[in-house]
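Listed below are the residues making up each chain.
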Amino acid sequence: GKSREHRIPNKFTAEVKDKTIVITRPSDARVDKALHGTTRSLIQNMLSGLTQGFEKKLKIQGVGYKAQMKGKTLVMDIGFSHSINYTPPESVTIEIQSPTDIVVKGINKQEVGEVAAEIRDYYPPEPYKGKGIRYEGEYVRQKQGKSIA
């Protein structure tokens, strides 16, 4: 996996004091202030990632559609003639909360987002019956299918 390393900008110092990382900026110049905030939030994200981690939840919709884990591999039956097997990168874990609820977890927000997007891409929600894989809370506008009177 990628190392947990963030290079801080020139002339900034980072020191650890009582379990707190203190970032000191070289001056009060606006550009330094801006970088200061960005650096702080990047490090904050890395740290909260290490302690709590990030997660994205996905829901599978469709009759008989389901997901399960086989070892480290996510196996999804989502209406194709074959199961879909997806193995996440080392740094990301996938948990199945129910056959239709998938949770992607990891300490790197970007990687968690990418894995969730890759899983969703196997079957993005379709607008007619709303079948497919969506992010939890994602609203898929349903289109009216042609009705036969």
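Above this note sits the structure.
Every chain's residues receive numbers from 1 upward, in the order its sequence appears when written. For this predicted model, a pLDDT threshold of at least 70 governs which residues receive local features, and a threshold of 80 or more governs which side-chain atom pairs are given and counted, while totals over whole chains, interfaces and linings are taken from all residues. Side-chain numbers here rest on the full set of heavy atoms in the structure, without hydrogens or water.

A short note on the pairing of strand β7 (residues 92-98)
Formally: Strands were regarded as paired on the criterion that DSSP finds at least two bridges between them. Numbering goes from the N terminus for both helices and strands, where a helix is a DSSP run of H or I of at least four residues and a strand is a run of E of at least two.
As judged from the 6 bridges shared by β7 and strand β8 (residues 101-106), these two strands associate in the antiparallel manner. Bridging across to β8, Ile94 finds its partner in Val104. Between β7 and β8, which follow one another and run antiparallel, lie 2 residues.

Regarding the packing of aromatic side chains
Working definition: an aromatic ring pair is given by the centre-to-centre distance plus the angle between the planes. Note the cut-off: Side-chain rings of Phe, Tyr and Trp, where Trp is taken by its six-membered ring, are said to pair if the distance between their centres is within 6.5 Å; with planes under 30 degrees apart they count as stacked, over 60 as edge-to-face, and otherwise as tilted. Whether a residue is buried, partly exposed or exposed follows from its accessible area with a 1.4 Å probe, protein chains only, as a fraction of its type maximum: under 20%, in between, or over 50%, in that order.
What the rule picks out here adds up to 3 aromatic pairs. Here Tyr65 and Tyr123 contribute two aromatic rings whose centre-to-centre distance is 5.9 Å and whose plane-to-plane angle is 50°, an arrangement assigned as tilted. Taken together, the positions of Tyr65 in the loop between β3 (54-61) and β4 (66-70) and Tyr123 in the loop between α2 (109-121) and β9 (132-135) put the pair 58 residues apart, joining distant regions of the chain. A relative accessible area of 11% places Tyr65 in the buried class. Centre to centre, the rings of Tyr86 and Tyr122 are 6.2 Å apart; their planes meet at 70°, and the pair counts as edge-to-face.

Concerning the side chain of His36
Convention followed: Here a polar contact is recorded for every N or O atom pair within 3.5 Å, except that within protein the pair must consist of a potential hydrogen donor and a potential acceptor, and residues adjacent in sequence are included only if both atoms are side-chain atoms. Residues count as neighbours in contact if any of their non-hydrogen atoms are within 4.5 Å of one another.
Assignment of secondary structure puts His36 in helix α1 (residues 30-51). Within the structure, His36 has its side chain in polar contact with the side chain of Arg25 (distance 2.9 Å). Apart from residues no more than four positions distant in its own chain, His36 is found in contact with Phe12, Ile23, Thr24 and Arg25.

Observations regarding the nonpolar core
So the rule is basically this: Nine residue types can take part in a nonpolar core, namely buried Ala, Val, Leu, Ile, Met, Phe, Trp, Tyr and Cys, and a core is a set of them joined through side-chain atoms within 4.5 Å.
Among the nonpolar cores identified, the biggest contains 20 residues, and Met76, Ile102 and Ile119 are the most heavily contacted of them. Sorting the residues of this core by element identifies β3, β5 (73-77), β6 (84-86), β7, β8 and α2 as the ones contributing at least two each. In this view, Met76 contacts Ile60, Lys66, Ala67, Ser83, Ile84, Ile102, Ile119, Tyr122 and Ile133; residues no more than four positions away in its chain are not counted.

Nothing here speaks to function; it is all geometry.
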